[in-house]
Amino acid sequence: MTVSLEVAEGVGTLRLDRPPMNALDIATQDRLKELAEEATRREDIRAVVVYGGEKVFAAGADIKEMQEMDHTAMVLRARALQDSFTAVARIPKPVVAAVTGYALGGGCELALCADFRIAGENAKLGQPEILLGLIPGAGGTQRLARLVGPSKAKDLIFTGRMVKAEEAREIGLVDRVVPADEVYTQAHAWAARLVQGPALALRAAKESIDTGLETDLDTGLAIERNWFAGLFATEDRERGMRSFVAEGPGKAKFL
């Protein structure tokens, strides 16, 4: 399989495994969607790491496969392409991308679907589709602009240039840069910490932020208000407040 889902101590690892560069062909896209939906459903998974291995995250689409597609074929495929990435973005649990080596084109777009991005010092990210006479088609024009702002997104997309890890951090494309051999360990630790948190509140926080960013402030505040009030019906809220009153902050256990 070109993508696998491994689970340990509440953390699910979505692992790309299509040597040598984890090119995201149609089969890989479909498998990614299938496993992202599985991670969404499974109660034993409370946080997710997206990882491409020690040497490369994903170097982009399978260009040889794409070259054989004409306009009609891509009209029929483009929605499925986007849906495979959106399935990762909509996992209602904390998701961290562990980025080593190249994350280009579809690889960069996949990293954009995570809530947090930890990159190795050897990472290089970019949207080089313009060099093929194309634009990003798996969410890059939308998610990148929302993350780093339209001007920085246009610079990367118009030029097709790659940015190294430190520049990616400076512009907000990644959140943390670490030695390459520590990327997965630190990403897993980030996820594992959140495994211990209140699952429904984490879901509410993620959906409030993500959905709110797509609308105006008043609507976003209404989304937040409804989630906030709804959490008062949960056992986790009762446990958290009871622990706070009895023991002080930060000692509640939600599992």
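You'll find the structure just up there.
Keep in mind the model is a prediction, meaning the values are calculated, not measured.

Undergrad: Just to check I follow, could you spell out the overall build of the chain for this structure?
TA: Looking only at helices and strands, one finds eleven helices and nine strands in the chain. Expected size for 255 residues packed as a compact globule is a radius of gyration near 18 Å; at 19 Å, the chain falls within 12% of this value. By its C-alpha atoms, the chain is 65 × 40 × 35 Å across when sized along the principal axes. In the chain, which comprises 255 residues, the share counted as buried stands at 44%. Taken as a whole, the chain presents about 13,500 Å² of accessible surface, with 55% of it coming from carbon and sulfur.

Undergrad: Just checking my understanding: could you explain the nonpolar core for this structure?
TA: Inside soluble globular proteins, nonpolar side chains tend to come together where they are buried. In this structure, Phe57, Leu125 and Leu173 are the most contacted members of the largest nonpolar core, which totals 46 residues. Examining the composition of this core, we find that five residues originate from one element, helix H3 (residues 71–89), more than from any other. Of all hydrophobic cores here, the second largest spans 13 residues; its members include Val11, Phe116, Ala187 and Val195.

Undergrad: I tried to follow unusual backbone geometry on my own but got confused; where do I start?
TA: Cis geometry marks the peptide bond from Pro19 to Pro20, where omega comes out at 0°. Although it is not a glycine, Glu9 adopts a positive phi angle of roughly 55°. Within the fold, Glu9 resides in the loop between strand E1 (3–8) and strand E2 (11–16). Backbone geometry places Asn22, a non-glycine residue, at a positive phi of 55°. Along the chain, the position of Asn22 falls in the loop between E2 and helix H1 (26–41).

Undergrad: How should I be thinking about the sheet that holds strand E6 (residues 116–120) in this particular structure?
TA: Either a parallel or an antiparallel arrangement is found when strands of a sheet pair, and the pairing is made through backbone hydrogen bonds. Taken together, the six strands give an open sheet; going across it, the order is E1-E2-E3-E4-E6-E9, and neighbouring strands pair in mixed fashion. Of all strands in the sheet, those with a lone pairing partner are E1 and strand E9 (176–178), marking the two edges. Each adjacent strand pair in this sheet contributes to an overall mean axis angle of 20°, direction not counted. Across three bridges, E6 lies against E9 in parallel orientation. Within E9, the position partnered with Ala119 by the bridge is Val177. Contacts from H1 reach E1, E2 and strand E3 (47–51), with the element oriented near 25° to E1.

Undergrad: When you look at the sheet that holds strand E8 (residues 162–164) in this model, what are you seeing that I'm missing?
TA: In space, the three strands of this open sheet follow the order E5-E7-E8, with mixed pairing throughout. Both edges of this open sheet fall to strand E5 (102–104) and E8, since each of them pairs with a single strand only. Each strand axis lies, on average, 20° off the axis of its neighbour in the sheet, ignoring direction. Of the pairings in the sheet, the one linking strand E7 (residues 124–126) to E8 comprises three bridges and is antiparallel in character. Across the sheet, the residue bridging to Lys124 is Lys164, located in E8.

Undergrad: So what exactly am I meant to see when it comes to the packing of aromatic side chains here?
TA: We describe a pair of aromatic rings using the distance from one ring centre to the other and the angle between the two ring planes. Going through the model one piece at a time under the given rule, you end up with three aromatic pairs. Judged by centre distance (5.1 Å) and plane angle (10°), the ring pair of Phe116 and Trp190 falls under stacked. In this pair, Phe116 sits in strand E6 while Trp190 sits in helix H8 (residues 183–195), placing the two residues 74 residues apart along the sequence. On the numbers, 5.5 Å between centres and 75° between planes, the contact of Phe228 with Phe232 is edge-to-face. According to the relative accessible area criterion, Phe228 is exposed, its value standing at 56%.

Undergrad: Would you mind going over the pairing of E3 with me for this structure?
TA: With five of five residues buried, E3 lies mostly within the body of the structure. Because side chains alternate across E3, one face comprises the buried residues Ala47, Val49 and Tyr51, and the other comprises Val48 and Val50, equally buried. As paired strands, E2 and E3 are joined by five bridges and run parallel to one another. Among the inter-strand pairings, Val11 is bridged to a residue of E3, identified as Ala47.

Undergrad: So what exactly am I meant to see when it comes to the pattern of salt bridges here?
TA: Note on pairing: side chains with opposite charge can pair once their charged atoms come close. In this structure the tally under the stated criterion is 15 salt bridges. In this structure, Asp236 and Arg239 form a salt bridge, with 3.1 Å as the shortest nitrogen-oxygen distance. Placement of the pair is Asp236 and Arg239 together in helix H11 (residues 235–247), with a separation of three residues, close to one helical turn. Judged on exposure class, the residue Asp236 and its partner Arg239 are both buried. It is possible to trace a salt-bridge network through shared partners that takes in Arg18, Asp25 and Asp62.

About the cut-offs
- Residues numbered from 1 in each chain as written.
- Predicted model: local features only at pLDDT ≥ 70, side-chain atom pairs only at ≥ 80, totals over all residues.
- Heavy atoms only, no water.
- Helix = DSSP H or I, 4+ residues; strand = E, 2+ residues; numbered from the N terminus.
- Rg over C-alpha atoms; globule rule 2.2 N^0.38 Å.
- Buried < 20%, exposed > 50% of the residue type's maximum accessible area, 1.4 Å probe, protein only.
- Areas by Shrake-Rupley, 256 points an atom, 1.4 Å probe, with all protein chains shown as cover.
- Core = buried A, V, L, I, M, F, W, Y, C linked by side-chain atoms within 4.5 Å.
- Pairing = 2+ DSSP bridges.
- Axes fitted to C-alpha atoms, helices over the stretch in contact; angles between N-to-C directions.
- Contact = heavy atoms within 4.5 Å.
- Phe/Tyr/Trp six-rings, centres within 6.5 Å; stacked < 30°, edge-to-face > 60°.
- Salt bridge = Lys/Arg side-chain N within 4 Å of Asp/Glu carboxyl O.

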